[in-house]
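The lines below spell out each chain.
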Amino acid sequence: MMGSIIAYIPELPEYRADLFERIMDNEEFEKIELDYLTSLDFAIINTIAGTKWESKHNPVVYDEEGGLVMVHLTKEGLESVIAFEGELDNVDKETQQADIALIKAFAEKHESDNLYEVVTF
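Quantities reported herein were computed from a predicted structural model and do not represent experimental measurements. (Residues numbered from 1 in each chain as written. Predicted model: local features only at pLDDT ≥ 70, side-chain atom pairs only at ≥ 80, totals over all residues. Heavy atoms only, no water.)

**Looking at a nonpolar patch on the surface**
Stated formally: Like charges are joined within 9 Å and nonpolar side chains (Val, Leu, Ile, Met, Phe, Trp, Tyr) within 5 Å, but only among residues with over 30% relative accessible area and no salt bridge; these make up the patches. We get accessible surface area from the Shrake-Rupley algorithm with a probe of 1.4 Å; when it comes to residues, only the shown protein chains can shield them. The salt bridge criterion pairs a side-chain nitrogen of Lys or Arg with a carboxyl oxygen of Asp or Glu, the two atoms within 4 Å. Per the convention used, a helix needs a DSSP run of H or I reaching at least four residues, while a strand needs a run of E reaching at least two, with both numbered from the N terminus. For each residue, the accessible area found with a 1.4 Å probe, counting protein chains only, is set against the maximum for its type, and the residue is called buried under 20%, exposed over 50%, and partly exposed in between.
Among the surface-exposed residues, Leu40, Ile44 and Ile48 lie close enough to one another that they form a single nonpolar patch of about 310 Å² accessible area. Tracing the backbone through its elements, the reader meets Ile44 in helix α2 (residues 39-49). Overall, the relative accessible area of 35% leaves Ile44 in the partly exposed class.

**A short note on the environment of Ala7**
Here is the rule we go by: Contacts: residue pairs with any heavy atoms within 4.5 Å of one another.
In this fold, Ala7 is placed in strand β1 (residues 5-8). Accessibility expressed as a relative area gives 0% for Ala7, which makes it buried. With 93 residues separating them in the primary sequence, Ala7 and Ile100 have C-alpha atoms 15 Å apart. Those residues in contact with Ala7 that lie beyond four places of it in its chain are Ile23, Glu30, Lys31, Phe106, Asn114, Leu115, Tyr116 and Val118.

**A few points about the side chain of Gln96**
Stated precisely, the cut-off is as follows: Each polar contact in these results corresponds to two N or O atoms within 3.5 Å; when the atoms are within protein, one needs to be able to donate a hydrogen and the other to accept it, and residues that are neighboring in sequence are counted only if both atoms are side-chain atoms.
Relative to the assigned elements, Gln96 resides in helix α4 (residues 93-109). A polar contact of 3.1 Å, which involves the side chain of Gln96, links it to the backbone nitrogen of Leu88. The contact partners of Gln96, leaving out residues within four places of it in the chain, are Leu37, Phe84, Gly86, Glu87, Leu88 and Val91.

**Re the pattern of salt bridges**
For the structure on display, the rule yields 4 salt bridges. Lys109 is paired through a salt bridge with Glu30; the nearest N and O atoms lie 2.9 Å apart. With a gap of 79 residues between them, Lys109 in helix α4 and Glu30 in strand β2 (residues 30-33) connect regions that are remote in the sequence. For Lys109, a relative accessible area of 57% corresponds to the exposed category. The salt bridge involving Glu33 is made with Lys31; its shortest N-O contact spans 3.4 Å.

Structure below.
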């Protein structure tokens, strides 16, 4: 996997130290793993649309030592990504559309207020 992880977390737990492991192990949270699109791509799309990908409450989890950031997504940012029909320089159109279709289906299934991007570095 090269792309980002989008997770549905209905209620953010107070204790977040092991949140990444719990998301990755699918213990209690649903997630999708994108093939290619990353935070940078979402930032580019949202800049073009004049919207913000991340909410002002970010980051929800920030662990520099462990290489993890988790951000809460805005409804407008999600809508901008889902509606994006342009082309990004770093990915072919087919791969881009496949990842956007995954995000769209995931967002339709879950409340957009409870979607997060899990970024590892």
